[in-house]
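Letter by letter, the chains look like this.
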Amino acid sequence: MTHSDLALDTGARLPRLNEPAPAFEAVTTHGTIRLADYEGSWLILFSHPADFTPVCTTEFAAFADIAPQLRERGAELLGLSIDSVYSHLAWVRNIEEKLGVEISFPVIADLDRKVATAYGMVMPGESSTETSRCVFFIDPKSVLRAMIYYPLSLGRNMSEILRVIDALQTADRHGVATPANWKPGDKVIVPAPKTQEGMAQRMKEGLECVDWYLCKKSLDVEPAAKGAKETRWPASTTAAR
Ligand code: BEZ
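These numbers were taken from a predicted model, which means no experiment stands behind them. (Residues numbered from 1 in each chain as written. Predicted model: local features only at pLDDT ≥ 70, side-chain atom pairs only at ≥ 80, totals over all residues.)

S.K.: Would you mind going over the overall build of the protein chain in detail, with residue names and values included?
M.R.: For the protein chain, the count of helices and strands is six helices and ten strands. Relative to its 241 residues, the protein chain shows a buried fraction of 29%. The long-range share in the protein chain, meaning contacts at least 24 apart out of those at least 6 apart in sequence, stands at 67%. (Helix = DSSP H or I, 4+ residues; strand = E, 2+ residues; numbered from the N terminus. Buried ≥ 20, exposed ≤ 12 C-beta atoms within 10 Å, placed from the backbone. Contact = placed C-beta atoms within 7 Å.)

So, in structure tokens, the structure goes:
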């Protein structure tokens, strides 16, 4: 496949951060589900290449394992592939029988690829018949806040899924950012001042500063809980919604 073939092939643009997540209504293993059904809670929409494949099976069991931890954070899981709902049902049952893991979250049967196309989940350079391993973090107002794309060969890391939710919720709740390798309990980054006066003041605020533009502070609270008051980082530059 040439580069121009690839450009023509997808027909879809990738979704963009901090914009409304593409709306959908889809057939799932739990009946018909719409994006709007998740308003008020976080949604982790993830795709897998195909049912009854080895890496995907390990991932499904791993997603099921963290589902209770996500629910504590006000986040729900929703899987997707281009397989039929009968295939999903048989696979979910097989995972429960063989691995002893209950798959409590719904799985979209995206046979017509409508959801996969809207979210840019098919990467023709990898496969034109399967969705890649994509993860979309959608906030309680249905805004797309983070996304991760993995190749077919690479099983996802559940610690990172939890870390991303914790970081997004912490940023919203406290109006801060999170540094490299941040995990809950670590210090967070305070927004850099935008004026000379703010810059002079910053160094007197008792924060842990490398310099005026890189200051950290501790948060004395656990990761954000469902329903916590939300502000956005940095509040003045995020799109109005
Ligand atoms: C797997 O889940 O093992 C898999 C699926 C599609 C392509 C490669 C691996």
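Moving on from the coordinates now.
S.K.: So what's going on with unusual backbone geometry? Residues and values would help.
M.R.: One non-glycine residue with positive phi stands out, namely arginine 113, at about 60 degrees. With respect to the element layout, arginine 113 can be found in the loop between β5 (107-109) and α4 (114-118). Arginine 113 sits in the partly exposed class, given 14 other C-beta atoms within 10 Å. The backbone phi angle of serine 142 is positive, close to 65 degrees, even though this residue is not glycine. Among the structural elements, serine 142 can be located in the loop between β6 (133-138) and β7 (144-150). Exposure remark for serine 142: the 17 C-beta atoms within 10 Å place this residue in the partly exposed category.

S.K.: Give me the lowdown on the confidence of the model for the protein chain, citing residues and values where you can.
M.R.: Where the model shows low pLDDT, its predicted coordinates should not be examined in detail. Here the protein chain shows a mean pLDDT of 90. Residues at 70 or above account for 86%. Contacts for the low-pLDDT stretch residues 235-241, under 50 throughout, to residues beyond four places or in other chains number six contacts. (pLDDT = per-residue confidence, 0-100.)

S.K.: Mind laying out the site of the ligand, listing which residues take part and the relevant values?
M.R.: Around the ligand, the neighbouring residues are Pro49, Ala50, Thr53, Pro54, Val55, Cys56, Glu130 and Leu152. Of the residues in the shell around the ligand, the class split is six nonpolar, one polar and one charged. (Near = placed C-beta within 6 Å. Nonpolar A, V, L, I, M, F, W, Y, C, P; charged D, E, K, R; others polar.)

S.K.: Break down the pairing of strand β2 (residues 31-34) for me, with residues and values.
M.R.: In the case of a regular strand, side chains alternate between the two sheet surfaces. Sheet topology note: the strand β1 (residues 25-28)/β2 ladder contains four bridges and is antiparallel. Bridge assignment links threonine 28 to a residue of β2, and that residue is glycine 31. Hairpin geometry of β1 and β2 is characterised by an intervening segment of two residues between the two adjacent antiparallel strands. (Pairing = 2+ DSSP bridges.)

S.K.: Residues and numbers for the nonpolar core, please.
M.R.: Ranked by size, the top nonpolar core spans 47 residues in total, and within it Ile44, Leu45, Phe136 and Ile138 carry the most contacts. There are two domains that each give this core at least three residues, and those are domain 1 (3-156) and domain 2 (167-237). Beyond its immediate stretch of four places on either side in the chain, leucine 45 contacts Leu78, Leu80, Phe136 and Ile138. (Core = buried A, V, L, I, M, F, W, Y, C linked by C-beta atoms within 7 Å. Domains from an automatic or database assignment.)

S.K.: Break down the environment of lysine 187 for me, citing the residues and quoting the values.
M.R.: Residue placement: lysine 187 occurs in the loop between α5 (158-174) and β8 (188-189). Distance in space between the C-alpha atoms of lysine 187 and aspartate 220 is 9.7 Å, their sequence separation being 33 residues. Lysine 187 has contacts with Glu208, Lys216, Lys217 and Ser218, leaving out every residue within four places of it along the chain.

S.K.: Give a description of the pairing of strand β9 (residues 208-211) that names residues and reports values.
M.R.: As judged from the three bridges shared by β9 and strand β10 (residues 214-217), these two strands associate in the antiparallel manner. Across the sheet, residue cysteine 209 finds its bridge partner in β10, namely cysteine 215. The antiparallel hairpin formed by β9 and β10 contains two residues in its connecting segment.

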